[in-house]
Amino acid sequence: MKKFLSLLLVSMLGGALTLGVYKYAFEKEVTVVENKENQPKFVTASYNPTTLQNEENVSFTEAASKTVHAVVHVKNKTVSRGPSNIMEYFYGSGGQPRAHVGTGSGVIISPDGYIVTNNHVIANATELQVTLNNNRSYRAELVGTDPETDIALIKIEADKDLPYLAFGDSDYTKIGEWVLAVGNPFNLTSTVTAGIISAKARDLDETDGKFQSFIQTDAAVNPGNSGGALVNTNGDLIGINTAITSQTGSYIGYSFAVPSNIAKKVVEDIMEFGNVQMGTLGIKGQDLAVVNGRLEDINESQGILIAEVFKKSGAYKAGLRRGDIIKQIDNIKISKFSDLTGYLRSKRPNDEVQLSILRDDEAISVPVTLINNSSYIYSIDEIGISLQEQTKSDREFYNNQDGLVISSSNEYNTRLGINGKLLVGINDDKIKNINDAKKAVEKAKSYGMMSLVIMDENGNKERLVYRN
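Being a predicted model, the structure only gives us computed values, none of them experimental. (Residues numbered from 1 in each chain as written. Predicted model: local features only at pLDDT ≥ 70, side-chain atom pairs only at ≥ 80, totals over all residues. Heavy atoms only, no water.)

### Structural notes on the overall build of the protein
The helix and strand tally for the protein stands at 10 helices and 30 strands. Counting only residues that meet the buried cut, the protein has 49% of its 468 residues in that class. Here the protein has roughly 22700 Å² of accessible surface; of this, 47% comes from carbon and sulfur atoms. (Helix = DSSP H or I, 4+ residues; strand = E, 2+ residues; numbered from the N terminus. Buried < 20%, exposed > 50% of the residue type's maximum accessible area, 1.4 Å probe, protein only. Areas by Shrake-Rupley, 256 points an atom, 1.4 Å probe, with all protein chains shown as cover.)

If you want it as structure tokens, here you go:
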């Protein structure tokens, strides 16, 4: 029995490809970052939480006046082509191209016009326009983007130095600390709202494999605020406003921001390397809050239980073992998995971190050198899935079947239920490891079609076909 699935519009995917999918069963001190060639300089604020304004005499006016001129309105124009009626859908007409205009916010981080915003604000844009607080408008160019963290870097060319914000250290932020959100909701320019930090290291969906680590605040954020600034009472940039959780599409009390340390690291990587360098420990882990009570020999309730250690990884070389409990990394206390992944997103391969772990109730400090996760993780960005080498337990689960585990995927693929399944083939090529997948994807690009063969734990197979 064949099950037919079809994607109608590229806008449903939020990606760069128009995909057709067919599925059927068969198988205050500042630090100036020095210029490198063709690189801007930006400023990092260095402060101690005790230097922030006392809650009793806190004033938002200085932080607001400092911020509004550095936050911009971003307008993007995209063009889509798809069936506009049922006849075009059934008879295969491409339909007429249609222009769409989206809006958001951005934050100037250097006097020469570099601007941080959200990836989803500028995704698929054919034209970008930035309007400053003084109503002057400029054409913007995309410098680079990282969909994983939802951060993008764009640039405008102005005839004079621009106002900008310094990056604060988001690791120093505290729950209950006053913050301001500045952006352009509903096309209203330079809107400032106030609130407190409600939570840190918040993962909105722990099942999607994206390992988010947002700052949660109750400062009002609405559509159009995306890409705007979250600042402390000193006016230091501590986050990039990104998301709200709402059934209505408008603010209902919760908003979320990418921490500034993550955004800053992504920007630095884009400037220096052209892409994002991910440093990783090389483990699979579980929150102790999830496993506590099911394992009689674990008395801890906070931390990360190491379930698997990848060979070739820094964790493996440092001697970490299955059953170790991670309690702290450098000076950051680890209560849940998003604490760990959020901190690691600010690190690069070859950085060394100090782990505090419990092993058989004994506290141990272990230095670990991070590695690039590309040695055991591979993302097929064109179709929005990430693949991971199998661990020992994965091989047992899949009866020693060769293939790569689909560790995460975009929203559409997640709805297809492929996360956690095994990729065993691409087009006519069998997939055993990361190198096989890379070669098969390069071949598939020339065909204009990518066919994935996916297997579940019972040996049932299905095929997904993606077309340009």
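Resuming the write-up.
### Points about the pairing of strand S22 (residues 362-369)
Judged from the eight bridges that link them, strand S21 (residues 352-359) and S22 form a sheet pairing that is antiparallel. When the bridges of S22 are listed, Leu 355 appears paired with Val 366. Count of turn residues in the S21/S22 antiparallel hairpin: two residues, of which Asp 360 carries a positive phi of about 55 degrees. (Pairing = 2+ DSSP bridges.)

### Let's talk about the pairing of strand S12 (residues 214-217)
Here S12 shows two buried faces, one formed by Phe 214 and Gln 216 and the other by Ile 215 and Thr 217. Examined bridge by bridge, S12 and strand S15 (residues 255-259) share three bridges and lie antiparallel to one another. Counterpart to Thr 217 in the pairing with S15 is Ser 255.

### Quick notes on helix H10 (residues 434-447)
Counted at 1.5 Å a residue, the expected span for H10 with its 14 residues is 20 Å, and the 20 Å between its end C-alpha atoms agrees. If you check which residues of H10 are buried, you get Ile 434, Ala 437, Ala 440, Val 441 and Ala 444. Buried residues in H10, looked at end-on, bunch into an arc of 125 degrees, giving them a common side. Looking at H10, the residues exposed on the side facing more than 90 degrees away from the buried face are Asn 435, Lys 439 and Ser 446. Taken together, the buried residues of H10 touch strand S24 (377-380), strand S25 (385-388), strand S26 (404-409), strand S27 (422-426), strand S28 (429-430) and strand S29 (449-455). You can read the cap of H10 off the contacts: a side-chain oxygen lies 3.2 Å from the backbone nitrogen of Asn 435, and it is on Asn 433. Gly 448 occupies a position one or two residues after H10 and carries a positive phi of about 75 degrees. (Expected span 1.5 Å × (residues − 1). Arc of directions from axis to C-beta. Contact = heavy atoms within 4.5 Å. Polar contact = N/O pair within 3.5 Å; in protein donor to acceptor, adjacent residues only side chain to side chain.)

### As for the nonpolar core
The biggest cluster of nonpolar side chains holds 29 residues, and the ones touching the most others in it are Ile 109, Val 116, Leu 153 and Leu 237. Going through the elements one at a time, helix H1 (61-68), strand S6 (114-118), strand S9 (151-156), strand S10 (178-183), strand S13 (229-231), strand S14 (237-244), S15 and helix H4 (260-273) are the ones with two or more residues in this core. It is H4 that provides the largest number of residues to this core, a total of six residues. The next biggest cluster of nonpolar side chains, apart from the first, holds 23 residues, and it includes Ile 380, Ile 383, Ala 437 and Leu 452. (Core = buried A, V, L, I, M, F, W, Y, C linked by side-chain atoms within 4.5 Å.)

### Notes on the environment of Ser 301
Looking at where Ser 301 falls in the secondary structure, it is placed in the loop between helix H5 (288-291) and strand S18 (304-309). On the basis of relative accessible area, Ser 301 is assigned to the partly exposed category, the value being 44%. Sequence-wise, Ser 301 and Leu 288 are 13 residues apart; in three dimensions their C-alpha atoms are separated by 5.4 Å.

### So, the side chain of Asp 150
Within the secondary structure, Asp 150 is located in the loop between strand S8 (137-146) and S9. Owing to a relative accessible area of 13%, Asp 150 belongs among the buried residues under this scheme. Aside from chain neighbours lying at most four places away, what touches Asp 150 is Thr 117, Asn 118, Asn 119, His 120 and Thr 242.

### Details of the pattern of salt bridges
By the definition in use, this model includes 17 salt bridges. A salt bridge links Arg 136 to Asp 159; the nearest nitrogen and oxygen atoms lie 3.7 Å apart. On the criterion of sequence distance, the pair formed by Arg 136 in the loop between strand S7 (127-131) and S8 and Asp 159 in the loop between S9 and S10 is long-range, its members being 23 residues apart. Judged by relative accessible area, Arg 136 falls into the partly exposed class, the value being 38%. You can call Asp 159 exposed: its relative accessible area is 61%. (Salt bridge = Lys/Arg side-chain N within 4 Å of Asp/Glu carboxyl O.)

### Brief notes about the packing of aromatic side chains
On inspection of all chains with the given rule, the structure shows three aromatic pairs. Between Phe 214 and Phe 256, the aromatic rings sit 6.2 Å apart at their centres with planes inclined by 45 degrees, giving tilted as the arrangement. Of this pair, Phe 214 sits in strand S12 while Phe 256 sits in strand S15; the two residues are 42 residues apart in sequence, bridging distant segments of the chain. Arranged with centres 5.1 Å apart and planes meeting at 85 degrees, the rings of Phe 397 and Tyr 398 form a pair that is edge-to-face. Taking the relative accessible area as the measure of exposure, Tyr 398 reaches 4% and is therefore buried. (Phe/Tyr/Trp six-rings, centres within 6.5 Å; stacked < 30°, edge-to-face > 60°.)

### Regarding the environment of Gln 390
You can see Gln 390 is positioned in the loop between S25 and helix H8 (392-397). The sequence separation of Gln 390 and Gly 403 amounts to 13 residues, and the corresponding C-alpha distance is 7.6 Å. Setting aside its immediate chain neighbours within four residues, Gln 390 contacts Arg 395, Tyr 398, Gln 401, Asp 402, Gly 403, Val 405 and Leu 422. Of note is the side chain of Gln 390, whose polar atom sits 2.9 Å from the backbone oxygen of Gln 401. For Gln 390, the side chain forms a polar contact with the main-chain oxygen of Gly 403, separated by 3.0 Å.

### Looking at the confidence of the model for the protein
Per-residue confidence for the protein gives a mean pLDDT of 80; residues scoring 70 or more make up 78%. Every residue in residues 1-38 scores below 50 in pLDDT, and together they form 93 contacts with partners more than four places removed in sequence or on other chains. (pLDDT = per-residue confidence, 0-100.)

### Quick notes on unusual backbone geometry
Residue Asn 350 is not a glycine yet carries a positive backbone phi of 80 degrees. Even without glycine at this site, Asp 361 takes up a positive phi of about 65 degrees. Examined against the element boundaries, Asp 361 turns out to sit in the loop between S21 and S22. For Asp 361, a relative accessible area of 69% corresponds to the exposed category.

### Overview of the side chain of Ser 451
The residue Ser 451 is located in strand S29 in this model. One polar contact links Ser 451 to Arg 463, side chain to side chain, over a distance of 2.4 Å. Apart from residues lying up to four places away in sequence, Ser 451 is in contact with Gly 425, Ile 426, Asn 427, Arg 463, Leu 464 and Val 465.

### Remarks on the environment of Ile 197
If you trace the backbone, Ile 197 turns up in strand S11 (residues 191-202). Residue Ile 197 is classed as buried on the basis of its relative accessible area of 0%. Sequence spacing of Ile 197 and Ala 219 is 22 residues, and the spatial spacing of their C-alpha atoms is 8.3 Å. With residues near it in sequence (within four places) discarded, Ile 197 still touches Thr 173, Lys 174, Ile 175, Gly 176, Glu 177, Val 179, Ile 215, Gln 216, Thr 217 and Ile 238.

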